[in-house]
Amino acid sequence: MTAPYRHAETAPEDRIPFLKMGAYGAGGLANNLLAAGSGGMMIALNLGYGMNPALVGLLGALPRLTDAVTDPVMGHVSDHTRTRWGRRRPYIFLGAIAAPALLALLWQLPEGRSESFYFNYFLIGSFVFYLAYTVFATPWVALGYELTPDYNERTRLMGVQNFIAQVAWLIAPWFLWFMERPAFGDMRGGAAALAVVLALGCAGLGILPAIFLRERHAATDPREAERPTRASDALAVGLKAVTGFIVGFGKTLGSLDFLKLCGATFLVFNGFQLVAAFQSYVIIFYVFAGDQDAAAYWVGAVGTVSAIATFGVIALTTFLGTWIGKRRAFFVCIGISTLGYGAKWFCYDPANPWLLLLPAPLMAFGLGSLFTLMGSMVADVCDQDELKTGERREGMYGAIFWWVVKLGMAAALAAGGFLLNATGFDVDLAGEQTERTLFLMRVFDVTVPLVASIVALLLIASYGITEPKARAIRAALEERRGVR
């Protein structure tokens with residue numbers, strides 16, 4: 001492959017010091033650990049508390065429905081907040097403390113209660129947790145879009161951030177192993193302990209972007225910070241805010257390039273999340289015939305191999321994105337991941353469990369490339385939007401984009417539970433599941449992410465922002481602003 005155009009050099013003032021990239025990446029690690037904990041620990045509700053898989057899936061999905069409202073609202077609020085500390089940083093700091101604390105409390109479940117009690121307790125608690133999670137994650141994402149205006153430096157920033165954040169997925173495969181340690185008594189005690197450990201780590205990491213980073217577009221007209229002194233003024237300001245939110249939301253959804261990015265992300269991420277939930281069951285009940293202790297080791301090993309491979313994938317994707325362009329890099333990486341999904345069918349072999357490790361590095365190209373390229377591409381869309389509308393809406397774009405990601409996770413959790421029931425899986429049968437059940441488990445596990453990735457490739461085929469176009473947009477914006 002050769003570069004299709006000559007790249008412009010990144011100006012020194014557009015470069016982000018590595019330590020600041022690291023501070024942003026620390027927020028990504030906290031974000032991923034919160035996501036991994038809220039999703040990956042759900043298996044304890046089924047295997048530890050005996051909850052029906054369909055109910056577990058609903059617990060993963062229902063709270064995410066509120067994100068359709070709370071994420072865009074938080075994005076709009078973040079875009080229009082004016083404080084001495086900036087638009088994003090106060091929310092990042094507060095959310096980084098509140099969300100981990102609520103995750104820890106969520107898993108301190110009382111003993112000896114009914115399935116309906118646990119369902120209602122977890123459902124209500126999850127709504128509150130995800131609200132705090134939104135307060136942290138939405139401004140953190142928006143902050144990354146505005147840290148540099150350079151086309152390629154954005155890819156490097158997202159590469160470093162994703163590299164650091166990937167550590168979460170190196171840890172997450174061992175959640176099941178951790179929760180099953182005898183020291184905690186049973187999986188219930190293990191889940192409670194794991195939630196506390198995650199909370200402490202996430203809080204310490206999540207506050208770093210708020211402390212060490214600064215915003216490029218925080219400057220504002222002082223008149224925007226004036227407070228109304230009469231009730232009629234307050235009402236007018238309130239109506240203006242609601243109108244502004246609705247108009248901004250509509251303009252954001254009016255970007256066809258952005259919708260293509262959202263659609264591709266939903267497909268790739270949703271496919272992966274469905275596999276992540278199903279794969280553990282296939283390994284436990286097909287490869288190891290219900291032996292959870294033996295399977296837990298291999299679930300952790302597969303996840304570890306995938307996570308280690310992803311570090312290399314992120315570095316390769318960052319290079320490809322700055323060499324052949326972000327869209328072409330997406331084609332290469334997602335194409336490789338589809339090969340990995342297909343190979344899984346042949347590598348689920350009870351006689352040779354080590355074969356489980358072979359598809360993992362190929363599948364790593366999916367998420368390893370997705371969140372390296374997509375964050376950089378959304379930042380380019382934000383510039384395109386400013387050129388068209390004269391407004392900066394990183395918060396709104398980030399909110400909608402990541403709501404799609406969370407919707408994909410919720411859909412995967414919900415669909416995973418119902419699909420598992422559709423296979424005829426019965427937790428009481430343990431290692432005596434029927435042949436039909438084991439066959440359908442593998443069919444769903446292989447075909448869903450494979451088909452989803454192919455459709456994502458078709459969506460990105462017509463994505464329109466290339467490096468020359470992005471640099472032309474930036475030049476027009478800087479001429480409009482009166483800067484070099």
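Residues numbered from 1 in each chain as written. Predicted model: local features only at pLDDT ≥ 70, side-chain atom pairs only at ≥ 80, totals over all residues. Heavy atoms only, no water.

Attention now goes to helix α10 (residues 187-206). Taking 1.5 Å per residue as the helical rise, α10 with its 20 residues ought to reach 28 Å, and the 27 Å between its terminal C-alpha atoms agrees with that figure. Inspection of α10 places M187, R188, G190, A191, A192, L194, A195, L198, A199, C202 and G206 among the buried residues, and these make up the whole buried set. Its buried side turned inward, α10 meets α1 (18-40), α2 (43-47), α5 (89-106), α6 (115-145), α9 (175-179) and α11 (208-212). Measuring from the backbone nitrogen of R188 back to the side-chain oxygen at the start of α10 gives 3.1 Å, which picks out D186 as the cap. (Helix = DSSP H or I, 4+ residues; strand = E, 2+ residues; numbered from the N terminus. Expected span 1.5 Å × (residues − 1). Buried < 20%, exposed > 50% of the residue type's maximum accessible area, 1.4 Å probe, protein only. Contact = heavy atoms within 4.5 Å. Polar contact = N/O pair within 3.5 Å; in protein donor to acceptor, adjacent residues only side chain to side chain.)

Looking now at the pattern of salt bridges. Applying the stated criterion across every chain yields a total of 21 salt bridges. The salt bridge partner of D380 is R154, with a shortest N-O separation of 2.9 Å. On the criterion of sequence distance, the pair formed by D380 in helix α16 (residues 360-389) and R154 in helix α7 (residues 151-165) is long-range, its members being 226 residues apart. For the pair shown, D380 and R154 are each scored as buried. Salt bridges sharing partners connect three or more residues here, namely D79, R87, R88, E146, R154, K326, D380, D383, E386, R392 and E394. (Salt bridge = Lys/Arg side-chain N within 4 Å of Asp/Glu carboxyl O.)

We now examine α6. The end-to-end C-alpha distance of α6, which contains 31 residues, comes to 43 Å, matching closely the 45 Å that a straight helix rising 1.5 Å per residue would cover. The axis of α6 is deflected most strongly, by about 25°, at T134. (Bend = angle between axes of the 7 residues up to and from the residue.)

The next subject is the nonpolar core. Residues L45, W107, F330, M374 and F401 are the most contacted members of the largest nonpolar core, which totals 124 residues. Among the elements that take part in this core, helix α13 (residues 256-287) stands out by supplying 16 residues, more than any other. Not counting the four nearest positions on each side in its chain, M374 is found in contact with L261, A264, T265, F330, F401 and I460. (Core = buried A, V, L, I, M, F, W, Y, C linked by side-chain atoms within 4.5 Å.)

Working definition: an aromatic ring pair is given by the centre-to-centre distance plus the angle between the planes. Going through the model one piece at a time under the given rule, you end up with 18 aromatic pairs. Note on F269 and F371: the rings are 5.6 Å apart at their centroids and 75° apart in plane angle, and the pair reads as edge-to-face. One end of the pair, F269, is in helix α13; the other, F371, is in helix α16, with 102 residues separating them in the sequence. Look at F269 and you get buried, because its relative accessible area is 4%. We classify F371 as buried; its relative accessible area is 14%. (Phe/Tyr/Trp six-rings, centres within 6.5 Å; stacked < 30°, edge-to-face > 60°.)

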